[in-house]
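Okay, here's what each chain looks like letter by letter:
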Amino acid sequence: MAAKKERQLNYELLRIIAMLMIVCLHYLSKGKILGDPARADMGATGYTAWFIEAFCLVAVNVYVLISGYFSGGKKLQALTARAILQRPVRVWGQVITYSVLIGGIALLVGWQEFNIYQVFQYCFPLVTEHYWFATSYVVLCLLMPFLDAGIDRLQKQAFQGLLAGLLLIFSIAKTILPMQLPWDKGGYDAYWFVILYLTGAYSKRYGISLFSNRMRGLLVYLASELAIFASFVGLRFIFFRTGSFAAMLHYAYTYNHLLCYIGSIGLFMAFQETSQTQQRLEYYKKPIKYLSSATFGVYLLHEHANIRDKWYLLSDNGAVSTLTVPAFLVRLVLTVFLVYSVCTIIELLRQKVVTIIKGFLKNNVRECDY
């Protein structure tokens, strides 16, 4: 296997920001703050929530783009079973640890009544889609060695053709056609993750001329997310005058919508490495690495079946509609940072415990050898 390269701090920082955005998305959706997009009494606070949703929507795409950027096209010495399974097994191990451990605690303290189907969800989190992201990501991890082998043999034009074809089917078609396509999962599937992975690998190898510098990437991100929000406002305007497009009001708020895809690449490329930023980030190298290593654990903790519908209650969301915009924003920021911080601390402690256990087992195996 190719030698492991040092992670770029700029993209590790982006990983942290992306996970903060994901927690924010869950706060807005699980907390029922967004509410019915067709409701007439949206108010300034409601529109603010949908505005924030638009700008955080790129987070999942960005998280997978980072994987493609760093892993896409890596050469393996041989496609052995160990090489293929190593990464997905590692991810599965972290997923099942949180799934079973929190599920067991929930049963013991009475958060969850015993239900055999719920137990199956704890014990088989991937096939039951306890965490949809983890399920799709593990499938992607299984495919990565084969995708990398193909990427290594693709010329630039062939790579562009492949991406164009996949985007036409999984993104452009659903963006243009004003209807729900039967196969469209909104980007909640491994097919979309493959496209994002390939996109990240392509940007690493060839770059993307539209995003030739960081400022241009940032502007594309801002323009794309503003367009998503504008489509929401525009469709609401049409809906209240004609009664049409009720089911399409928030159609652009999907991971595989073309605007979200372009915005994701824009934000990703806005974090391109430069000598100045890398030098600045070196002062914060240790905390960035620590926080970045904990991001997946943050997701697994706050999205557990016994936690995902409870943690947002910390902010008493029943009163959100009566709040002013500044008060809502303060509540949003405090809740998201509190949840993110607590989950990060727990994940870092888990990593420490795993390191101690591995060291103990390793030393004891060596002693047995004598």
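Residues numbered from 1 in each chain as written. Predicted model: local features only at pLDDT ≥ 70, side-chain atom pairs only at ≥ 80, totals over all residues. Heavy atoms only, no water.

Here we come to the side chain of histidine 302. Within the fold, histidine 302 resides in helix H13 (residues 295-302). Here histidine 26 takes part through its side chain, which lies 2.7 Å from a polar atom of the side chain of histidine 302. In this structure the side chain of histidine 302 is engaged in a polar contact, spanning 2.8 Å, whose partner is the backbone oxygen of valine 298. Sequence-distant contacts of histidine 302, defined by excluding residues within four places in its chain, comprise Val23, His26, Ile307, Arg308, Trp311, Val339 and Cys343. (Helix = DSSP H or I, 4+ residues; strand = E, 2+ residues; numbered from the N terminus. Polar contact = N/O pair within 3.5 Å; in protein donor to acceptor, adjacent residues only side chain to side chain. Contact = heavy atoms within 4.5 Å.)

Applying the stated criterion across every chain, the model contains five salt bridges. Where glutamate 303 meets arginine 308, a salt bridge forms, and the shortest distance between an N and an O atom there is 3.7 Å. Look at arginine 308 and you get buried, because its relative accessible area is 17%. For glutamate 347, the salt bridge identified is with arginine 350, shortest N-O distance 2.8 Å. Taken as a pair, glutamate 347 and arginine 350 lie in helix H14 (residues 325-369) at a separation of three residues, close to a single helical turn. Overall, the relative accessible area of 22% leaves arginine 350 in the partly exposed class. If you follow the salt bridges from partner to partner, you end up with Lys30, Glu303 and Arg308 in one network. (Salt bridge = Lys/Arg side-chain N within 4 Å of Asp/Glu carboxyl O. Buried < 20%, exposed > 50% of the residue type's maximum accessible area, 1.4 Å probe, protein only.)

Right, let's talk about the packing of aromatic side chains for a bit. For the structure on display, the rule yields 32 aromatic pairs. Between phenylalanine 159 and tyrosine 202, the aromatic rings sit 5.3 Å apart at their centres with planes inclined by 90°, giving edge-to-face as the arrangement. One end of the pair, phenylalanine 159, is in helix H7 (residues 156-176); the other, tyrosine 202, is in helix H8 (residues 190-206), with 43 residues separating them in the sequence. By relative accessible area, which is 0% here, phenylalanine 159 ends up buried. Ring centres 6.4 Å apart and planes at 85° place the aromatic pair phenylalanine 159 and tyrosine 206 in the edge-to-face group. Taken together, the positions of phenylalanine 159 in helix H7 and tyrosine 206 in helix H8 put the pair 47 residues apart, joining distant regions of the chain. (Phe/Tyr/Trp six-rings, centres within 6.5 Å; stacked < 30°, edge-to-face > 60°.)

A few words now on the nonpolar core. With 95 residues, the main nonpolar core has Leu28, Phe133, Leu140, Phe193 and Phe296 as its most contacted residues. Of all the elements, helix H1 (residues 9-30) adds the most residues to this core, at 14 residues. (Core = buried A, V, L, I, M, F, W, Y, C linked by side-chain atoms within 4.5 Å.)

This part takes up unusual backbone geometry. For glutamate 129, which is not glycine, the phi dihedral falls at a positive 55°. Within the element layout of this structure, glutamate 129 appears in the loop between helix H5 (116-123) and helix H6 (132-153). Take glutamate 129: its relative accessible area is 45%, and that puts it in the partly exposed class. The backbone of phenylalanine 245 sits at a positive phi, close to 65°, despite the residue not being glycine. Turning to its location among the elements, phenylalanine 245 is positioned in the loop between helix H9 (214-242) and helix H10 (258-270).

Below, the discussion takes up the packing of H6 against H8. Relative orientation of the contacting elements H6 and H8 amounts to 45°, with a least axis distance of 9 Å. Relative to H8, the element H6 is oriented oblique. At the point where H6 passes H8, the crossing takes the right-handed sense. For the pair H6 and H8, the contacting residues are Trp132, Phe133, Ser136, Tyr137, Val139, Leu140, Leu143, Met144, Leu147, Asp148, Ile151 and Asp152 in the first and Ala190, Phe193, Val194, Tyr197, Leu198, Ala201 and Arg205 in the second. For the contact of H6 with H8, the per-class residue count stands at 15 nonpolar, one polar and three charged. (Axes fitted to C-alpha atoms, helices over the stretch in contact; angles between N-to-C directions. Parallel < 35°, antiparallel > 145°, perpendicular 65-115°, else oblique. Left-handed = near helix turned anticlockwise from the far one by under 90°. Nonpolar A, V, L, I, M, F, W, Y, C, P; charged D, E, K, R; others polar.)

Glancing now at a nonpolar patch on the surface. The grouping of Leu79, Leu85, Val89, Trp92, Val139, Leu142, Leu143 and Phe146 at the surface amounts to a nonpolar patch, some 670 Å² of accessible area in total. At the level of elements, helix H4 (81-109) and H6 are the ones that each hand at least two residues to the nonpolar patch. Per element, the largest residue contribution to the nonpolar patch is four residues, and it comes from H6. On the basis of relative accessibility, which here comes to 36%, the residue leucine 143 falls in the partly exposed class. (Patch = residues over 30% accessible without salt bridge, like charges linked within 9 Å, V, L, I, M, F, W, Y side chains within 5 Å. Areas by Shrake-Rupley, 256 points an atom, 1.4 Å probe, with all protein chains shown as cover.)

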